Amino acid sequence: MNMFALEAEIGFVVKGSKLQQHISPFSKKQVKEAVTEVCLCLELVGTRYKDVENATTYQKLADCICAGGVVSKSIPWNDEIFRTLDDTQAGILVNDKLVANGYAATVPAGSPLDALTWCVNDLASRNIFMRDGQLVITGKLAVTKSFSANDRITVQFGKLGEIAITIQP
C-alpha cells in the first residue's frame, strides 16, 4: 500500500434495517435515530499506484478512490454529542507535534450528520439501502501528508476524545 495522507473523520454505525425502502427522502431525524454508534476515525489514504497523481479517474475509481483503510474508535454517544458535533475541532499530531487541524462543519454537506443523511438518501434514490452495522465515514475534518514510517499519529477530537496509532513500515 502506498499510503500518502491521513484524514481525521467522524463516522457513524447505522442500523440499516431502520433505513429501508421509503417513499420520500429520509429526514435528518430519521437518519439520526438509525445511528447505533458514533466513531472517531482516522482514514489511511493510500493507493496501489506508485504515481497516483497521474492515475486516470477510472484508475482511481478502481482503486476505491484511494481508500487504504480506517482506524475507528466507538465513543459513548447521546443527544449532547449530536448537538455539539458540528463544533468539533480535530487536530492531527505527528510525534506530539500538531501538523493539521480542522472543524466538523467543513465536511461535505456542512456537518457529519448532514453528510450521512445525504449518503443514505443518495443510495436510497438508487434502490440501495444500508445494512445493519455499516460504518460510514463522513469526510475529512483535517488532513496531513506529513508523516513517515514509525511515526506516532494522534488525532484529537476535542471533548469527544482521541485515537492514536503508530505507522508501521
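Scroll up a little and you will see the structure.
Please read all numbers here as calculations on a predicted model, not as lab measurements. (Residues numbered from 1 in each chain as written. Predicted model: local features only at pLDDT ≥ 70, side-chain atom pairs only at ≥ 80, totals over all residues. Heavy atoms only, no water.)

### Section: the overall build of the chain
So, point 1. Of regular secondary structure, the chain possesses four helices and eight strands.
So, point 2. Counting every position in the chain, which comprises 169 residues, the buried fraction comes to 43%.
So, point 3. Roughly 9,400 Å² of accessible area belongs to the chain as shown, and the carbon and sulfur atoms make up 51% of that amount. (Helix = DSSP H or I, 4+ residues; strand = E, 2+ residues; numbered from the N terminus. Buried < 20%, exposed > 50% of the residue type's maximum accessible area, 1.4 Å probe, protein only. Areas by Shrake-Rupley, 256 points an atom, 1.4 Å probe, with all protein chains shown as cover.)

### Here we look at the state of the cysteines
So, point 1. The final tally for this structure, using the stated rule, is zero disulfides.
So, point 2. Cysteine Cys-39 shares no disulfide, and the gap to the nearest cysteine sulfur, in Cys-41, comes to 5.3 Å.
So, point 3. Judged by relative accessible area, Cys-39 falls into the buried class, the value being 2%. (Disulfide = S-S within 2.5 Å.)

### Notes on the sheet that holds strand 7 (residues 152-156)
So, point 1. Reading across from one edge, 5-4-7-8 is the order of the four strands in this open sheet, with antiparallel pairing throughout. Looking at which strands have only one partner, the edges of the open sheet turn out to be strand 5 (97-103) and strand 8 (162-166). Geometrically, the sheet is characterised by an average inter-axis angle of 15 degrees between neighbouring strands, direction not taken into account.
So, point 2. Relative to strand 5, strand 4 (residues 89-94) runs antiparallel, the two being bridged by six bridges. Bridge pairing in strand 5 places Ala-90 opposite Gly-102. (Pairing = 2+ DSSP bridges. Axes fitted to C-alpha atoms, helices over the stretch in contact; angles between N-to-C directions.)

### Things to note about the side chain of Glu-7
So, point 1. By the element assignment, Glu-7 lies in strand 1 (residues 2-14).
So, point 2. Of the side chains bearing the opposite charge, Lys-140 lies closest to the buried Glu-7, which forms no salt bridge; the N-O distance is 4.6 Å.
So, point 3. Beyond its immediate sequence surroundings of up to four residues, Glu-7 is in contact with Cys-41, Leu-42, Glu-43, Val-45, Lys-140, Ala-142 and Val-143. (Lys, Arg positive; Asp, Glu negative; His and termini not counted. Salt bridge = Lys/Arg side-chain N within 4 Å of Asp/Glu carboxyl O. Contact = heavy atoms within 4.5 Å.)

### Details of the packing of aromatic side chains
Aromatic rings considered in pairs are described by the distance between their centres and by the relative angle of their planes.
So, point 1. Tallying each qualifying case throughout the model produces two aromatic pairs.
So, point 2. Ring centres 6.1 Å apart and planes at 5 degrees place the aromatic pair Phe-12 and Phe-82 in the stacked group. With a gap of 70 residues between them, Phe-12 in strand 1 and Phe-82 in helix 3 (residues 79-84) connect regions that are remote in the sequence. Each member of the pair Phe-12 and Phe-82 is classed as buried.
So, point 3. The rings of Phe-12, Trp-77 and Phe-82 are connected pair by pair, giving a single aromatic cluster. (Phe/Tyr/Trp six-rings, centres within 6.5 Å; stacked < 30°, edge-to-face > 60°.)

### What about the pattern of salt bridges?
So, point 1. For the structure on display, the rule yields six salt bridges.
So, point 2. The partner of Asp-132 in a salt bridge is Lys-15, and the shortest N-O contact between them spans 3.8 Å. In this pair, Asp-132 sits in the loop between helix 4 (112-125) and strand 6 (134-144) while Lys-15 sits in the loop between strand 1 and helix 1 (28-34), placing the two residues 117 residues apart along the sequence.
So, point 3. Relative accessible area serves as the criterion here: at 35%, Lys-15 is assigned to the partly exposed category.

In short, the description is geometric, and any link to function would need to be established separately.
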